[in-house]
Amino acid sequence: IAGITQAPTSQILAAGRRMTLRCTQDMRHNAMYWYRQDLGLGLRLIHYSNTAGTTGKGEVPDGYSVSRANTDDFPLTLASAVPSQTSVYFCASSGQGNYGYTFGSGTRLTVV
Amino acid sequence: AQSVTQLGSHVSVSEGALVLLRCNYSSSVPPYLFWYVQYPNQGLQLLLKYTTGATLVKGINGFEAEFKKSETSFHLTKPSAHMSDAAEYFCAVTTPAGNQFYFGTGTSLTVIP
């Protein structure tokens, strides 16, 4: 692993189903983030975690939950997927100093 | 609070021509500013950043940007466009103590041969 790994790469999900998107980093970054990217809207923050054991809500948190049990992992869960959650999801991390994010390669999720 | 506005969701330039992608920010405290590039079906990669010091910053692939406090701008330029520069570009702002980055809506750059 080098950087951030996201899984799965893509997924088609039936509405109402539960889904967890995985994110793992090996850089020992304290802060981690989940964004969704939609055409014309750019990247919008869903949830973030400044350090292991803490999480916070971003701009569009409804319908999503996260946990941060350790430094490396930051899974994003959709408890009951809806079509409006069709998007590309990016996980990111940053180290001390706010000098920039490292992004994963994204998960393309389609809810039908 | 911080925000970013990218003027022009689509920009087309000829190969070899100047690239200019515009970004204006809003921040109540001195900002940290970033440009990211996203190639198709990939994540975002950091092009360059301004935190403190010299206001003209150079990044990868020949790109540079200048922080202009008086204009609240951080426009991205490249003297001569290459076909490989075709991508989506995002400007972002945060602060030294900020919890998150705020991204613009992106500018899609097309390079015409």
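Refer to the preceding data block for the structure.
(A) Expanded view of the interface of chain A and chain B. Contacts between the two partners involve 20 residues from chain A and, on the opposite side, 23 residues from chain B. When chain A packs against chain B, the two sides together hide about 1600 Å² of surface, and 54% of this comes from carbon and sulfur. Where chain A packs against chain B, one counts zero salt bridges. Put simply, chain A and chain B have five residue pairs in polar contact (both at pLDDT 80 or more) between them. Elements with a contribution of two residues or more to the side of chain A that touches chain B: strand 4 (31-38) and strand 5 (42-49) of chain A. A per-element tally of the side of chain A that touches chain B places strand 5 of chain A first, with four residues. A class-by-class count of the residues in the side of chain A that touches chain B yields 10 nonpolar, nine polar and one charged.

(B) Inspection of the pairing of strand 5 of chain A at higher detail. All names here are of chain A. Within strand 5, eight of the eight residues are buried, which leaves it mostly tucked inside the rest of the structure. In this sheet, strand 5 lies alongside strand 4 in antiparallel orientation, the contact comprising seven bridges. Residue Asp-38 lies in a different strand from strand 5, and its bridge partner there is Gly-42. Count of turn residues in the strand 4/strand 5 antiparallel hairpin: three residues, of which Gly-40 carries a positive phi of about 80°. Taken together, the two bridges between strand 5 and strand 6 (residues 56-57) define a ladder with antiparallel strand orientation. Each bridged residue has a counterpart across the sheet, and for Tyr-48 the counterpart in strand 6 is Gly-56. Between the end of strand 5 and the start of strand 6, which pair antiparallel, lie six residues, with Gly-53 showing a positive phi angle near 95°.

(C) Up close: the sheet that holds strand 7 (residues 64-66) of chain A. Residue and element names in this part refer to chain A. Read from one edge of the open sheet, four strands run 1-3-8-7, paired in antiparallel fashion. Of all the strands in the sheet, the pair left with one neighbour each is strand 1 (4-7) and strand 7. Each strand of the sheet is rotated relative to its neighbour by a mean of 20°, with strand direction disregarded.

(D) Representation of the pattern of salt bridges. Counted under the stated rule, the structure contains five salt bridges over all chains. Taking the shortest distance from any N to any O, the salt bridge between Arg28(A) and Asp72(A) comes out at 2.9 Å. Residue Arg28(A) is located in the loop between strand 3 (19-25) and strand 4, and its partner Asp72(A) is located in the loop between strand 7 and strand 8 (76-78); the two are separated by 44 residues in the primary sequence. Here Glu64(B) and Lys58(B) are joined by a salt bridge, their closest N and O atoms 2.7 Å apart. Relative accessible area serves as the criterion here: at 63%, Lys58(B) is assigned to the exposed category. Several salt bridges converge on common partners, so that one network encompasses Arg36(A), Asp38(A) and Arg44(A).

(E) Geometry of the state of the cysteines. Residues and elements named next belong to chain B. Under the criterion given, the structure shown has two disulfides over all chains. Shown here is the disulfide that connects Cys-23 with Cys-91, its sulfur atoms set 1.9 Å apart. Since a negative S-S torsion denotes a left-handed disulfide, the Cys-23-Cys-91 link at about -65° is left-handed. Pair noted here: Cys-23 is in strand 3 (residues 19-27) and Cys-91 is in strand 9 (residues 87-94), with a separation of 68 residues, a long-range link. Of the two residues examined, Cys-23 and Cys-91, each falls in the buried class.

Reading guide: rules and limits
Residues numbered from 1 in each chain as written. Chains lettered and ligands numbered in written order. Predicted model: local features only at pLDDT ≥ 70, side-chain atom pairs only at ≥ 80, totals over all residues. Heavy atoms only, no water. Contact = heavy atoms within 4.5 Å. Buried area = accessible area lost by both parts, 1.4 Å probe. Salt bridge = Lys/Arg side-chain N within 4 Å of Asp/Glu carboxyl O. Polar contact = N/O pair within 3.5 Å; in protein donor to acceptor, adjacent residues only side chain to side chain. Helix = DSSP H or I, 4+ residues; strand = E, 2+ residues; numbered from the N terminus. Nonpolar A, V, L, I, M, F, W, Y, C, P; charged D, E, K, R; others polar. Buried < 20%, exposed > 50% of the residue type's maximum accessible area, 1.4 Å probe, protein only. Pairing = 2+ DSSP bridges. Axes fitted to C-alpha atoms, helices over the stretch in contact; angles between N-to-C directions. Disulfide = S-S within 2.5 Å.

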